[in-house]
Amino acid sequence: MTAETDRNVDDNEIAKFSRIADKWWDKSGEFKPLHDINPLRLGYIDRLGKLSGKQVLDVGCGGGILAESMARHGAACVTGIDMAEKSLQVAQAHAATHNITNIEYRCLPVEELAEQVPHSFDVVTCMEMLEHVPDPAAIVRACAKLVKADGMVFFSTINRNPKSYLHLIVGAEHILKFVPKGTHDWQKFITPAELARMCRSAGLDIIDSKGMSYNLLSRQYLLTDSTDTNYMITCRPA
Ligand code: SAH
C-alpha cells in the first residue's frame, strides 16, 4: 500500500452517517440542508462544468442527492463513491426506484480509485466531505489525479472563523436544529486559503469560488460572492 492509499477515513464520521442513512431522501429530515442547497450547486456545477454527455465522479456521495441530480441533468454517467456502505445501498435503491440507469455507486477510497483509473473523469465533485476526513489534502490530490487534463473539479466545504461557528454549530445544530448536534466539528472546517494551498500543491488552478448562505427571512439558500461560511470552489488542472 502506498502513502496515498493508507486509510484516510474517520470511522466515527462513517458511523455517524451510517446511523441516519435511511434519512437521505427525507427532504425535511437530517439532510434537509443538502436538499435545500442542491438546486443551487447543481446549477453552478452545470454552468461551469457543462454536465451534458460528461463522465462525472462524485466523491463522498452519501445517499446520492447530488450524484442523482447530475445523472438526471444529462451527464453520460455518474460514478458515486463513499465509505459508508449503508448510504450507498440507499443511493442505489433510490436510483433503481426512479429508473436512473446512468449512475453507479462504489464503496472504495478515492485514493484507490485514483490509482485504478487516473485521468478518467470530465467533472469531479467533492461536496461537503473534506471537513469529515483526517487528511483533506490527500482527497484533493486524488481528485486532481482523477480528472482529465481538460476537466474540472468542484469542492465545497465550510470556512473556519467565528461566523461559521455561530452559524453552523450554534445556529444550525443547537438553536434551529437544522442538522443533528455533532454533525460538524468546527476545528475541521477549512479556510479558503487552506483549500487553495491544497489545490495548488495538487496541481490545480482555482478558476472560481462562490459562497452559499442561508437567508433566515426568505428561508432560502443563495449563491453569494462571500466565502465566509459555506463555499464552493472550481478548479482545473494547471
Ligand atoms: N456529498 C454529499 C454528502 C455530504 S455528507 C452531498 O453533499 O450531498 C459527507 C459524506 O462524506 C458522507 O456520505 C460520508 O459518508 C462521506 N465520507 C466521509 N468520509 C469519507 C471518506 N474518507 N471517503 C468517502 N466518503 C466519505
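Numbering of residues begins from 1 in every chain and follows the order in which that chain's sequence is written. In keeping with the predicted nature of the model, local features appear solely for residues at pLDDT of at least 70, side-chain atom pairs appear and are counted solely at 80 or more, and the whole-chain, interface and lining totals rest on all residues. Remark: hydrogens and water are excluded; side-chain values derive from all non-hydrogen atoms of the structure.

1. Some thoughts on the packing of aromatic side chains
The description of an aromatic ring pair rests on the distance of the ring centres and on the angle between the ring planes. The cut-off we apply is this: Aromatic rings from Phe, Tyr and Trp, taking only the six-membered ring of Trp, are treated as a pair when their centres fall within 6.5 Å; an angle between ring planes under 30 degrees marks them as stacked, one over 60 as edge-to-face, and anything in between as tilted. For the exposure calls, accessible area comes from a 1.4 Å probe over protein chains only, and a residue counts as buried if that area is under 20% of its type's maximum, exposed if over 50%, partly exposed in between. Helix and strand assignments follow DSSP, with helices taken as H or I runs no shorter than four residues and strands as E runs no shorter than two, numbered in order from the N terminus.
In this structure the tally under the stated criterion is seven aromatic pairs. Look at Phe-17 and Trp-24: their rings are 6.4 Å apart centre to centre, the planes differ by 15°, and that puts the pair in the stacked class. Neither residue differs from the other here; Phe-17 and Trp-24 are each classed as buried. Look at Tyr-44 and Phe-154: their rings are 6.1 Å apart centre to centre, the planes differ by 80°, and that puts the pair in the edge-to-face class. One end of the pair, Tyr-44, is in helix H2 (residues 32–49); the other, Phe-154, is in strand S5 (residues 147–158), with 110 residues separating them in the sequence. With a relative accessible area of 1%, Tyr-44 lands in the buried category. Ring pairing ties together the aromatic residues Phe-17, Trp-24 and Phe-31, which thus form one cluster.

2. Observations regarding the nonpolar core
For clarity, the threshold we go by: The nonpolar core is taken to be a set of buried Ala, Val, Leu, Ile, Met, Phe, Trp, Tyr and Cys residues, with the residues joined through side-chain atoms within 4.5 Å. By definition in these notes, contact holds between two residues if any of their heavy atoms fall within 4.5 Å.
By size, the foremost hydrophobic cluster in this structure holds 33 residues, and its most contacted members are Ile-45, Met-70, Val-78, Ile-103 and Tyr-105. The residues contacting Met-70, other than those within four sequence positions of it, are Leu-42, Ile-45, Leu-51, Val-56, Asp-58, Ala-75, Val-78 and Thr-125. In this structure, Leu-130, Val-133, Val-147 and Ala-202 belong to the second largest nonpolar core, which totals 32 residues.

3. With respect to the packing of H2 against helix H3 (residues 65–72)
Threshold: Here, axes are lines fitted to C-alpha atoms. For helices the fit covers the stretch in contact, and angles between N-to-C directions go from 0 to 180 degrees. Any angle from 65 to 115 degrees is called roughly perpendicular, while one under 35 is roughly parallel, one over 145 is roughly antiparallel, and all others are oblique. By definition, turning the near helix anticlockwise from the far helix through less than a right angle yields a left-handed crossing, and turning it clockwise yields a right-handed one. By the convention adopted, Pro, Cys, Tyr, Trp, Phe, Met, Ile, Leu, Val and Ala count as nonpolar, Lys, Arg, Asp and Glu as charged, and the other residues, Gly among them, as polar.
For the pair H2 and H3, interaxial distance at closest approach is 10 Å and the crossing angle is 45°. Taken together, the axis directions place H2 and H3 in an arrangement best described as oblique. Where H2 crosses over H3, the handedness of that crossing is right-handed. Of H3, the residues touching H2 (which contributes Leu-34, His-35, Asn-38, Arg-41, Leu-42 and Ile-45) are Ile-65, Leu-66, Ser-69 and Met-70. A class-by-class count of the residues in the contact of H2 with H3 yields six nonpolar, three polar and one charged.

4. Digging into the site of the ligand
The criterion, for reference: Working definition: residue near molecule or strand if any one of its non-hydrogen atoms lies within 4 Å of it. Whenever two N or O atoms come within 3.5 Å, that pair is a polar contact, provided that in protein one can donate a hydrogen and the other can accept it, and provided that, for residues adjacent in sequence, both atoms are side-chain atoms. Areas reported here follow the Shrake-Rupley algorithm with a probe of radius 1.4 Å; residue values treat only the protein chains shown as occluding.
Near the ligand, the surroundings consist of 18 residues, among which Asn-8, Arg-41, Gly-60, Asp-82 and Met-127 are the closest. Take Asn-8: an N or O atom from its main chain is 3.1 Å from a nitrogen atom of the ligand. Between the ligand and Asp-82 there is a distance of 2.7 Å, counted from an oxygen atom to a side-chain nitrogen or oxygen. With the chains in place, 98% of the 570 Å² that the ligand exposes on its own is no longer accessible. Among the secondary structure elements, those contributing two or more residues to the shell around the ligand are helix H1 (11–19) and H2.

5. Regarding the sheet that holds strand S7 (residues 220–224)
Short version of the rule: Whether two strands pair depends on DSSP finding at least two bridges between them.
The sheet built from eight strands is open, its strands ordered S3-S2-S1-S4-S5-S8-S6-S7 with mixed pairing. Strands at the two margins of the open sheet, each flanked by one partner only, are strand S3 (103–106) and S7. Neighbour-to-neighbour, the strand axes of the sheet open up by a mean angle of 20°, direction not taken into account. Relative to S3, strand S2 (residues 77–81) runs parallel, the two being bridged by four bridges. In the sheet register, Gly-80 faces S3, and the bridge partner there is Tyr-105.

6. Focus: the pattern of salt bridges
Rules: Salt-bridge detection follows one rule: a side-chain nitrogen of Lys or Arg within 4 Å of a carboxyl oxygen of Asp or Glu.
Counted according to the given criterion, the structure contains 11 salt bridges. Each member of the salt-bridge network shares a partner with another, and the members are Asp-208, Lys-210 and Asp-225.

7. Some words on the UniProt feature "binding site: S-adenosyl-L-methionine" (unreviewed entry) in the protein
Under the convention used in this document: UniProt positions are given in the numbering used here, feature names are shortened, and annotations may be inferred rather than shown by experiment.
Under the present numbering, the feature "binding site: S-adenosyl-L-methionine" (unreviewed entry) in UniProt falls on Arg-41, Gly-60, Asp-82 and Met-127. Secondary-structure assignment places Arg-41 in helix H2. Accessibility expressed as a relative area gives 4% for Arg-41, which makes it buried. What Arg-41 contacts, discounting residues up to four positions off in sequence, is Leu-34, Ile-65, Leu-66, Met-127, Glu-128 and Met-232. Looking at where Asp-82 falls in the secondary structure, it is placed in the loop between S2 and helix H4 (85–97). The class for Asp-82 is buried, based on a relative accessible area of 12%. If we skip the residues at most four places from it in the chain, Asp-82 touches Gly-60, Cys-61, Gly-62, Leu-88, Arg-106, Cys-107 and Leu-108. A polar side-chain atom of Asp-82 sits 3.3 Å from the main-chain amide nitrogen of Cys-61.

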